[in-house]
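Here are the chains, one letter per residue:
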Amino acid sequence: MIASVRGRVAAVSLSTVVVEVGGIGVELLCTPNTLATLRTGEEAHLPTSLVVREDSLTLFGFTDTDERTLFELLQTASGVGPKLAQAMLAVLSPDGIRLAISAEDAKTLTKVPGIGQKGAQRVILELKDRIGTPTGTASAPAASTTSAPWRDQVSEALLGLGYNARDADKAVTTIEPEAGDQANISQLLRAALRTLSKA
């Protein structure tokens, strides 16, 4: 089990980061929120979860251990695999997921691409007694210091989640008034996903 990786960030793409560990480039699948905190050339320390399949070994990276714990717990629900668990963490914060499940708020869970009403109800039923209470300790992604780069980051994140360029651009334009002077990528991404879920 690979519990975490620490090293220099060699590359960041729409959905992955490559971290150099002992001369080896290790690729991790991460949410857009986590990727927004990473910079090429800087050191990173990411908790990880290794998903083993017959034909693949996939390493998922997280902002903190709370995200990783929730990622692994979500997969114990029927019909929730690693990609869907990661999508849930991309759309909702760990505490947001805990609140939605504990309050039996299926509507909030259906904002996640790939989760319908029945799927949300199944997740609530299976995890309600095990999800725990909101911790209030989830770390916030780094805020962008200028207004222009956030558009590209949010748009790229939406493309990475499977939306087409036209829909991504429309969502980014819709949420632009929310950006302000200090754009928080995580909050803006969630706002864009809410916009797309209503469309």
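Quick caveat, the model's predicted, so the values are computed rather than measured.

K.L.:
Residues and numbers for the environment of Pro 82, please.
P.N.:
Topologically, Pro 82 is positioned in helix H3 (residues 82–91). Given a relative accessible area of 10%, Pro 82 falls into the buried group. Measuring from C-alpha to C-alpha, the distance between Pro 82 and Val 51 comes to 7.6 Å, with 31 residues separating the pair along the chain. Dropping the residues within four chain positions of it, Pro 82 is found in contact with Val 51, Arg 53, Phe 60, Phe 71 and Gln 75.

K.L.:
Describe helix H6 (residues 117–127), with residues and values.
P.N.:
By the burial criterion, the buried members of H6 are Gly 119, Ala 120, Val 123, Ile 124 and Leu 127. Mapping the buried residues of H6 onto a view down its axis gives an arc of 135°, with all of them on the same face. Exposed residues lying more than 90 degrees from the buried face of H6 are Lys 118 and Leu 125.

K.L.:
If you had to explain the packing of helix H2 (residues 65–74) against H3 to someone new, which residues and values would you point to?
P.N.:
H3 packs onto H2 with a crossing angle of 135° between their chain directions and a minimal axis gap of 9 Å. In this view, H2 runs oblique relative to H3, as classed from their interaxial angle. Note on packing geometry: the crossing formed by H2 with H3 is right-handed. Residues Glu 67, Leu 70, Phe 71 and Leu 74 of H2 form the contact with H3, whose own contacting residues are Pro 82, Ala 85, Gln 86, Met 88 and Leu 89. When the residues that make up the contact of H2 with H3 are grouped by side-chain class, the tally is seven nonpolar, one polar and one charged.

K.L.:
Quick rundown of the pairing of strand E2 (residues 16–21)? Include the residues and the values.
P.N.:
Side chains on a regular strand alternate between the two faces of the sheet. Two strands pair when backbone bridges link them, and strand E1 (residues 4–12) and E2 are joined in this way by four bridges, in the antiparallel orientation. Pairing of Ala 11 across the sheet is with Val 18, part of E2. Hairpin connection between E1 and E2: a loop of three residues separates the two successive antiparallel strands. Where E2 and strand E3 (residues 24–29) come together, six bridges link them in antiparallel fashion. Paired with Val 17 across the strands is Leu 28, a residue of E3. Once E2 ends, the chain turns through two residues before running back antiparallel as E3, passing Gly 22 with a positive phi of about 60°.

Quick notes on the rules
- Residues numbered from 1 in each chain as written.
- Predicted model: local features only at pLDDT ≥ 70, side-chain atom pairs only at ≥ 80, totals over all residues.
- Heavy atoms only, no water.
- Helix = DSSP H or I, 4+ residues; strand = E, 2+ residues; numbered from the N terminus.
- Buried < 20%, exposed > 50% of the residue type's maximum accessible area, 1.4 Å probe, protein only.
- Contact = heavy atoms within 4.5 Å.
- Arc of directions from axis to C-beta.
- Axes fitted to C-alpha atoms, helices over the stretch in contact; angles between N-to-C directions.
- Parallel < 35°, antiparallel > 145°, perpendicular 65-115°, else oblique.
- Left-handed = near helix turned anticlockwise from the far one by under 90°.
- Nonpolar A, V, L, I, M, F, W, Y, C, P; charged D, E, K, R; others polar.
- Pairing = 2+ DSSP bridges.

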